[in-house]
Amino acid sequence: MQRTETDHVHLARAIELAELGVGRVHPNPVVGAVVVKDGTVVGEGHHAEFGGPHAERAALAACGDADVRGATMYVSLEPCCHTGKTPPCTEAIVEAGIARVVVAADDPSEKAAGRGLGILRDEGVQVDVAGGELAARARLQNQAFRKHARTGRPWVLFKSAMTLDGKVATKTGDSKWISSEESRELAHWWRSTVDAVVVGIGTALADDPQLTSRIERATRQPRRVVFDSEARLPLDSALIAAAPELPLSVIVSRAAPRTATDALEMAGADVIVAAGENEPARVRSALAALGDRGIASILLEGGPRLAGAFLDAGEIDEVRLFLAPLLLGGRSARDPLEGEGAETISEALRALTLETERIADDILISARLREW
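Computed from a predicted model, the values in this text were never measured in an experiment.

**Brief notes about the overall build of the protein**
A tally of regular secondary structure across the protein gives twelve helices and 14 strands. What you see for the protein is a C-alpha radius of gyration of 23 Å, in line with the 21 Å of a compact globule of 372 residues. Expressed as lengths along the three principal axes of its C-alpha atoms, the size of the protein is roughly 70 × 45 × 40 Å. For the protein, buried positions account for 51% of its 372 residues. Restricting to contacts in the protein with at least 6 residues of sequence separation, those with at least 24 account for 71%. Of the roughly 17,600 Å² that the protein leaves accessible, carbon and sulfur atoms contribute 48%. Positive and negative charge centroids in the protein, built from 42 and 54 side chains respectively, lie 2 Å apart.

**Let's talk about the pattern of salt bridges**
Pairs can form between side chains of opposite charge whenever their charged atoms are close. Taken as a whole and assessed by the stated rule, the structure comprises 22 salt bridges. Of the charged contacts, one joins E318 and R320 as a salt bridge, the two residues approaching to 2.9 Å between their closest N and O atoms. Of the two residues examined, E318 and R320, each falls in the buried class. Residues participating in the shared-partner salt-bridge network are K147, R153, E315 and D317.

**Structural notes on the domain arrangement of the protein**
Structurally, the protein comprises domain 1 (5-143) and domain 2 (152-368). Here the C-alpha centroids of domain 1 and domain 2 sit 35 Å apart. The interface is formed by six residues belonging to domain 1 together with nine residues belonging to domain 2. Of the roughly 620 Å² buried where domain 1 meets domain 2, counting both sides, 62% is carbon and sulfur surface. Looking only at domain 1, the three residues that lose the most surface to domain 2 are G23, H26 and Q143, adding up to 65% of its buried area. For the side of domain 1 that touches domain 2, a count of residues per class yields two nonpolar, three polar and one charged.

**A short note on the pairing of strand β2 (residues 40-46)**
When strand β1 (residues 32-37) meets β2, the two strands line up antiparallel, connected through six bridges. Pairing of V36 across the sheet is with V41, part of β2.

**Considerations on the UniProt feature "binding site: substrate" (unreviewed entry) in the protein**
Here the UniProt-annotated "binding site: substrate" (unreviewed entry) positions come out as S175, R191, T203, L211, R214 and E301. If sequence neighbours within four positions are ignored, L211 has contacts with R191, V197, V199, P222, R224, V225, L239 and E301. Within the secondary structure, E301 is located in the loop between β11 (297-300) and α12 (304-312). When sequence neighbours within four positions are dropped, the list of residues in contact with E301 reads K159, R191, V197, V198, V199 and L211. Within the local environment of E301, its side chain forms a polar contact with the side chain of R191, the two groups lying 2.9 Å apart.

**A few points about the sheet that holds strand β9 (residues 248-252)**
An order of β10-β9-β8-β7-β11-β6-β12-β14-β13 is seen for the nine strands of this open sheet, with the pairing classed as mixed. At either end of the open sheet lies a strand with only one pairing partner, and these are β10 (270-273) and β13 (353-359). In this sheet, neighbouring strand axes are inclined to one another by 20 degrees on average, regardless of whether the strands run parallel or antiparallel. Looking at chain direction, strand β6 (residues 155-162) and strand β12 (residues 318-323) are connected through six bridges and run parallel. Opposite A161, over in β12, you have F322 as the bridge partner. This element, α12, spans β6, β7 (196-200), β8 (223-227) and β11 of the sheet and lies at about 115 degrees to β7.

**Some details on the sheet that holds β1**
Strands sit in the order β2-β1-β3-β4-β5 across an open sheet of five strands; the sheet is mixed. The open sheet has two edge strands with one neighbour each: β2 and β5 (126-129). When strand polarity is set aside, the average angle formed by the axes of neighbouring strands in this sheet is 15 degrees. Relative to strand β3 (residues 72-75), β1 runs antiparallel, the two being bridged by four bridges. Note on β3: the bridge partner recorded for V35 is M73. Seen against the sheet, helix α4 (residues 115-122) touches β4 (100-103) and β5 and runs at an angle of roughly 145 degrees to β5.

**Digging into the UniProt feature "binding site: Zn(2+)" (unreviewed entry) in the protein**
According to UniProt, the "binding site: Zn(2+)" (unreviewed entry) feature falls on H54, C80 and C89. On the basis of their most widely separated C-alpha atoms, the annotated residues across 36 residues gather in one place, lying no more than 8.9 Å apart. Structurally, the position occupied by H54 is in the loop between β2 and α2 (55-62). The buried category is assigned to H54, whose relative accessible area is 18%. With residues near it in sequence (within four places) discarded, H54 still touches N28, H47, C80, T86 and C89. Residue C80 is classed as buried on the basis of its relative accessible area, which comes to 8%.

Cut-offs and rules
Note on numbering: residues in each chain are counted from 1, in written sequence order. Given that the model is predicted, a residue must reach a pLDDT of at least 70 before its local features are reported, and side-chain atom pairs must reach 80 or more before they are shown or counted; all residues, however, enter totals for whole chains, interfaces and linings. As a rule here, side-chain values come from all non-hydrogen atoms in the structure, and water together with hydrogens is ignored. Secondary structure elements follow DSSP: runs of H or I of four or more residues count as helices, runs of E of two or more count as strands, with numbering from the N terminus. The globule rule used for comparison is 2.2 Å times the number of residues to the exponent 0.38, while the radius of gyration itself is calculated over C-alpha atoms. Exposure is judged per residue with a 1.4 Å probe applied to protein chains only, and the accessible area is read against the type maximum: over 50% gives exposed, under 20% gives buried, and values in between give partly exposed. Note on definitions: a residue-residue contact is assigned when non-hydrogen atoms from the two residues lie within 4.5 Å. Note on areas: Shrake-Rupley with a 1.4 Å probe; residue coverage comes only from the protein chains shown. When charges are tallied, Lys and Arg are placed among the positive residues and Asp and Glu among the negative ones, while His and the ends of the chain are skipped. In this description, the location of a charge corresponds to atom NZ of lysine, CZ of arginine, CG of aspartate or CD of glutamate. For this document, the term salt bridge refers to a Lys or Arg side-chain nitrogen within 4 Å of an Asp or Glu carboxyl oxygen. For every domain, the bounds stem from an assignment made automatically or drawn from a database. Throughout, buried area stands for the accessible area (probe radius 1.4 Å) lost by two parts on being put together, summed over both. Three categories are distinguished: nonpolar for Ala, Val, Leu, Ile, Met, Phe, Trp, Tyr, Cys and Pro, charged for Asp, Glu, Lys and Arg, and polar for the others, with Gly belonging to the last. Two strands pair if DSSP finds at least two bridges between them. UniProt positions are given in the numbering used here, feature names are shortened, and annotations may be inferred rather than shown by experiment. As used in this structure description, the phrase polar contact means that two N or O atoms lie within 3.5 Å; if the pair is within protein, one of them must be able to donate a hydrogen and the other to accept it, and residues adjacent in sequence are counted only when both atoms belong to side chains. Lines fitted to C-alpha atoms define the axes here, with helix axes fitted over just the stretch in contact, and angles between the N-to-C directions of these axes take values from 0 to 180 degrees.

Right under this line is the structure:
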């Protein structure tokens, strides 16, 4: 696409609008749209909630009585061409008389995969697809949607808080609190933007966590997931107590006692038996099962053994680490990642991007490991 500066501005705005749907539109992707005629913006919209109008229809509705025939629509994601909760956006675009559509990113799902763009072209609409920085930004907005569409497994964000010497707990297991209150509030926001929060049984036994998003701006609560190979999660735990209202999945191995798994199911838990001869294989099996349940994004909160298994399985897509101004020391203090790991530096997984941000007294380090 030969893009003008005007195209860049309006497409960037569509991508910005898409962000307003974060945490609100699952399982749909976030999308923004802008309608421009004769150089003037006549309508903007975004996909605001699941089941509600898609961005393209919202932008057209915002145009009011304006005549949009011959206008250009800028949209952050390929318009849908199938009927779901709402009619196809391609129909609305054609019916409105839009002459040109500029798209930032493709939709890799089976229902789309270029079909929407083909339909628009067949109807005489000029279609331009962006490249470069804007296309990358649009793809990164919907990494969970894209990975789930392509692989059937959820996108995994690993979060941890560590000291300056790379420790997540003292030699006695104490970890409350390494990060600042502001950092913990941000982590609670992340919980509300993903489909599931995942911990290992060690964390569940030590902390008896709720794994909910406990901030006012939370838009929804995630599914809670515990990797518990022997089904040891106590029936009087906080996770089980909330199971009737908040979905809970417990990942067990084939070695888990039947009486224990039956008891978990009777208490309201969704028990998933993960197959595989080792922990990384069971991680991949569990992720496939969670993907089948519509889970497209996961916040992995530990502990170190489970995080190491996810890394060994090649299933960590992004890392966010809070680095606190503390020093612990101690040979037996806990590291954020265990597992087998790489044997040589040349085998280490290198981040595609690395960003830093100051959060109160902490430094947030964000690293993207894969792009989908």
